[in-house]
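Inside the fold
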Amino acid sequence: MTNAFSLYTPRASALHRLHPLTMLALVVFCLVAGLALPGPWGPYVVFLLLILPLAALGQVLPNLLSTAVKIALPFAISVFLIQGLFWTGGTPVVELGPLSLKREGLWFAAQSTGRVLTVVSSFLLLSLTTRPDALMIALDQRGAPKTLTYIVLATIQIAPRFQAKARTILDAQRARGLETEGSVGRRVAALLPLVVPLVLGSIIDIEERAMALDARAFSRSGPKTSLLTLRDTSAQRAGRWLLLLGMIAVVALGIWLRRAA
Amino acid sequence: MIAVRDFTYTYPAAPRPALIDINLEIAPGQFVGVVGANGAGKSTLCYALSGFIPDFYRGDVKGSLSVAGRDLCKTPVAELAGEVGLVFANPFNQITGARFTVREELAFGLENLGRPRDEMVARVDEALRLTGLTELADRSPYALSGGQQQRVAIASVIVLRPKVLVLDEPTSQLDPVGAREVFETLDALTGEGATVILAEHKLEWIAAHADRVIALRGGRVAADGTPREVLADASAEELGLMPTRYTLAARLAATQGVVKRDGPLPVTLDEAREFFGGRQREGA
Ligand SMILES: Nc1ncnc2c1ncn2[C@@H]1O[C@H](COP(=O)(O)OP(=O)(O)OP(=O)(O)O)[C@@H](O)[C@H]1O
Ligand SMILES: [Mg+2]
């Protein structure tokens, strides 16, 4: 079953069978490791040796790669150009007339790109393999604050809401003769009648959505139950504790490596 | 079932009240249509009857409002989920977006109420059956037509077994096919003895199905009676209501002298058949 509102990709993989909290712990471990290990190489090691094999195990490698590249590549290009060229007082590696690429700038760009890549692909790994509703239920059962689960809920809702609304407004504006093709300037100008109703409309919608949720007792205090049953095992519980210890260890390792350097 | 006494409500910072001196008694099992021009106060009455005033919409409240003896103005909405249910015009805004299938979407309210899983499964199955959604139970709520989504919205409220179901123009965003699906669902529900309050502009349907019609104007109850008493009345147009095609045809026939008019004009097809058929036989 595919769903319009999340990245979740159903597969019969070992990762998909994990309890959502185990999956969350695994992804947070990748995130922590990617950020804790020092420089330019740290995040790449995590990406290549941890995140990619996990994505392969979850049978979502192509999905993860294509989306991660789409998000990280524009960032990488701009940060390499800006930091490479405008780093003040570094060692030039390549001279291009009046401009020069500095070693320190490139170093810095490689590191920040690596970090962005780890962060983005960690989130992708989680969203591709974990049903958002299951994660929310799991957090709820562990007594997570209501506002947190609401934020998760609202975030999941935003994408399809905007998409559907944008489509309706675009159709309506097109019917009134709005230009959606043509020169860049024209298209930017054409965006305004799309964006303004979109934002205003969404604010009004929020009120109705809040009412609809309340009519179904969402803000009621007291214990909740769930139709979906989550399978947890003692092995997974132990695994989550190990991952927590692992996080502490990898942070310590990161500090030690930085000191040693 | 519902008792409204001297109820006056003003939205925060509004210059004048949106509802003025409302007095209503609604019996259990009644199907009540609420009609009126834009801005007459239909939605506001729906919000009041489902407990959103003054818990959600603040503002100034006078008088009282109770469902099954429970004071709506003193109870938070989330605690009222088993008493009254509200369905909105836009089906899309009523889907939580946090559940994957129609079945799970319906269970959402019961989960919040902390009902045991066995009971949840049984009640969801029943709500699916009542709204004709059984076949779509494992689909994503987003992969449905507008009419089907609105039925999901209705099902996700009736699964909580509210004593009163309030609907604010549930078909205004639907095409004729979607609207018919929703109306047929409401028919099935009233057949089961539910108390239903329906704000609606489609008077033809109200005329054929409601037990009682309340017309609002400027926040006041301007007329209250059977569909025929309210909708066929000459003053209906002053209330901003467009008479049904049966009323219009009968009035035209009467003014042109095609039939002799005595008694009230028809508002439904059946009444029109009687109105025209009866007179013709007399004339023949
Ligand atoms: N949130 C609000 N704040 C202030 N005034 C409001 C608010 N909502 C509605 N009103 C006012 O209250 C009055 C009744 O509005 P209401 O929405 O109940 O009318 P309605 O009969 O549902 O109209 P429609 O057929 O357009 O849905 C109107 O004068 C309106 O301007
Ligand atoms: Mg309204």
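Only a predicted model underlies this, so the values are computations on that prediction, with no experimental measurement involved. (Residues numbered from 1 in each chain as written. Chains lettered and ligands numbered in written order. Predicted model: local features only at pLDDT ≥ 70, side-chain atom pairs only at ≥ 80, totals over all residues. Heavy atoms only, no water.)

1. Regarding the pairing of strand β9 (residues 212-217) of chain B
All names here are of chain B. Among the six residues of β9, five are classified as buried, and the element is accordingly described as predominantly covered. Sheet topology note: the strand β3 (residues 31-36)/β9 ladder contains five bridges and is parallel. Across the sheet, the residue bridging to Val 32 is Arg 212, located in β9. Where β9 meets strand β10 (residues 220-225), five bridges bridge the pair, whose relative direction is antiparallel. The residue of β10 that forms the bridge with Arg 217 is Arg 220. (Buried < 20%, exposed > 50% of the residue type's maximum accessible area, 1.4 Å probe, protein only. Helix = DSSP H or I, 4+ residues; strand = E, 2+ residues; numbered from the N terminus. Pairing = 2+ DSSP bridges.)

2. Quick look at the site of ligand 1
All names here are of chain B. Taken together, 13 residues surround ligand 1, and among them Asn 38, Gly 39, Lys 42, Ser 43 and Thr 44 come closest. Gly 39 is positioned such that a nitrogen or oxygen atom in its backbone is 2.8 Å from an oxygen atom of ligand 1. In this structure, an oxygen atom belonging to ligand 1 sits 3.0 Å away from a main-chain N or O atom of Gly 41. Contact with the protein chains hides 62% of the accessible area of ligand 1, taken as 640 Å² for the molecule alone. Residue classes in the shell around ligand 1 are distributed as five nonpolar, six polar and two charged. (Near = heavy atom within 4 Å. Polar contact = N/O pair within 3.5 Å; in protein donor to acceptor, adjacent residues only side chain to side chain. Areas by Shrake-Rupley, 256 points an atom, 1.4 Å probe, with all protein chains shown as cover. Nonpolar A, V, L, I, M, F, W, Y, C, P; charged D, E, K, R; others polar.)

3. With respect to the environment of Leu52(A)
Along the chain, Leu52(A) falls in helix α3 (residues 41-57). Sequence-distant contacts of Leu52(A), that is, excluding residues within four places in its chain, are made with Phe47(A), Leu61(A), Leu64(A) and Leu65(A). (Contact = heavy atoms within 4.5 Å.)

4. Focus: helix α3 (residues 117-130) of chain B
Residues and elements named next belong to chain B. The end-to-end C-alpha separation of α3 is 20 Å, in line with the 20 Å expected for 14 residues at 1.5 Å each. Those residues of α3 that sit buried are Met 120, Arg 123, Val 124, Ala 127, Leu 128 and Leu 130. Projected down its long axis, α3 shows its buried positions confined to an angular sector of 160°, all on one face. Among the exposed residues of α3, those pointing more than 90 degrees away from its buried face are Asp 118 and Arg 129. Packing partners of the buried residues in α3 comprise α2 (102-112), α4 (146-158) and α5 (176-191). In the segment just after α3, Gly 132 is the residue with positive phi, at about 65°. (Expected span 1.5 Å × (residues − 1). Arc of directions from axis to C-beta.)

5. Overview of the pattern of salt bridges
If you walk through the whole model with that rule in mind, you get 24 salt bridges over all chains. With a closest N to O distance of 3.1 Å, Lys163(B) and Glu83(B) form a salt bridge. Of this pair, Lys163(B) sits in the loop between α4 and β7 (164-168) while Glu83(B) sits in the loop between β5 (70-71) and β6 (84-87); the two residues are 80 residues apart in sequence, bridging distant segments of the chain. Judged by its relative accessible area of 12%, Glu83(B) is buried. The structure contains a network of salt bridges with shared partners spanning Arg142(A), Asp232(A), Arg237(A) and Arg240(A). (Salt bridge = Lys/Arg side-chain N within 4 Å of Asp/Glu carboxyl O.)

6. Concerning the packing of α3(A) against helix α4 (residues 61-86) of chain A
Two quantities define a packed helix pair, namely the angle between the axes and the distance from one axis to the other. Residues and elements named next belong to chain A. Packing of α3 against α4 leaves a shortest axis separation of 7 Å and a crossing angle of 130°. One element, α3, and the other, α4, form an angle in the oblique class. Each of Phe 47, Ile 51, Leu 52, Ala 55 and Ala 56 in α3 lies in contact with α4, whose residues at this interface are Leu 61, Leu 64 and Leu 65. Taken together, the residues that form the contact of α3 with α4 break down as eight nonpolar, no polar and no charged. (Axes fitted to C-alpha atoms, helices over the stretch in contact; angles between N-to-C directions. Parallel < 35°, antiparallel > 145°, perpendicular 65-115°, else oblique.)

7. Points about the sheet that holds β9(B)
Residue and element names in this part refer to chain B. If you trace the six strands from one edge of the open sheet to the other, you get β6-β7-β8-β3-β9-β10, paired in mixed fashion. A strand with exactly one partner marks an edge of an open sheet, and here the two such strands are β6 and β10. Along the sheet, successive strands turn relative to each other by an average axial angle of 20°, direction set aside. The strands touched by helix α1 (residues 42-49) are β3, β6, β7, β8 (195-199) and β9; relative to β7, the strand with the most contacts, the crossing angle is about 155°.

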